[in-house]
Amino acid sequence: MTVSLGYLGSYAAVLALLVVGVAIVAGALFANRMLRPARPTPDKLATYECGVDPVGEGWAQSQVRYYVFTYLYVIFAVDAVFLFPWATVFAAPGFGMTTLVEMFVFLGFIALGILYGWRKRVLTWA
């Protein structure tokens, strides 16, 4: 005898996999907590970041150019996200020239942004 779960049957499978996944992660974390040694020392409890001992205040100034490089990375990552679907549509019949022109417009906007950053001298690292 087979039982038909209907429309919600597919959601039941997803829910079952989610429960199994959460149980595995929780079990692994619980086993880690039970099996690890717990020997706290003052050195282990001290604040530590990037291999530098904390000295002075927590306030430090950062230069804007680091954020500019981050934004440029995000721009190129978004560019790559748009290039992959474009490459699949470009091969479809009837879309060749249209998608080619659209991609050159898109790349032109990105080139203008990079040219603007280069002219403002924000692309120099030193």
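Worth saying up front: this structure is predicted, and the values here are computed from it rather than measured.

1. Re the overall build of the protein chain
For the protein chain, the count of helices and strands is four helices and zero strands. Along the protein chain, helices and strands appear, N-terminal first, in the series α-α-α-α. Split into buried and exposed, the 126 residues of the protein chain put 6% on the buried side. On the protein chain, roughly 11700 Å² of surface is accessible, and the fraction owed to carbon and sulfur atoms is 71%.

2. Considering the packing of helix H3 (residues 64–90) against helix H4 (residues 96–119)
Closest axis-to-axis distance for the H3/H4 pair is 10 Å, and the angle between their directions is 170°. Taken together, the axes of H3 and H4 are roughly antiparallel relative to one another. Of H4, the residues touching H3 (which contributes Ile75, Phe76, Asp79, Phe82, Leu83, Trp86, Val89 and Phe90) are Gly96, Thr99, Leu100, Met103, Phe106, Leu107, Ile110 and Ile114. Of the residues that constitute the contact of H3 with H4, the class distribution is 13 nonpolar, two polar and one charged.

3. Some details on the confidence of the model for the protein chain
Of all residues in the protein chain, 87% attain a pLDDT of 70 or more, and the chain-wide mean is 80. Per-residue pLDDT, averaged within each element of the protein chain, yields its smallest value for H3 (78) and its largest for helix H1 (residues 9–35) (93).

4. Details of H3
Helix length check: H3, at 27 residues, gives a terminal C-alpha distance of 38 Å against a target of 39 Å (1.5 Å per residue), a fit within 8%. Buried within H3 are the following residues: Val68, Leu72 and Asp79. In the core, the buried residues of H3 are packed alongside H4.

5. Some remarks on a nonpolar patch on the surface
Taken together, Met97, Val101, Val105, Phe109, Leu112, Leu115 and Trp118 make up a surface patch of nonpolar side chains, about 790 Å² in accessible area. Assignment of secondary structure puts Leu115 in helix H4. Given the relative accessible area of 43%, Leu115 is considered partly exposed.

Conventions used here
Residues numbered from 1 in each chain as written. Predicted model: local features only at pLDDT ≥ 70, side-chain atom pairs only at ≥ 80, totals over all residues. Heavy atoms only, no water. Helix = DSSP H or I, 4+ residues; strand = E, 2+ residues; numbered from the N terminus. Buried < 20%, exposed > 50% of the residue type's maximum accessible area, 1.4 Å probe, protein only. Areas by Shrake-Rupley, 256 points an atom, 1.4 Å probe, with all protein chains shown as cover. Axes fitted to C-alpha atoms, helices over the stretch in contact; angles between N-to-C directions. Parallel < 35°, antiparallel > 145°, perpendicular 65-115°, else oblique. Contact = heavy atoms within 4.5 Å. Nonpolar A, V, L, I, M, F, W, Y, C, P; charged D, E, K, R; others polar. pLDDT = per-residue confidence, 0-100. Expected span 1.5 Å × (residues − 1). Patch = residues over 30% accessible without salt bridge, like charges linked within 9 Å, V, L, I, M, F, W, Y side chains within 5 Å. Salt bridge = Lys/Arg side-chain N within 4 Å of Asp/Glu carboxyl O.

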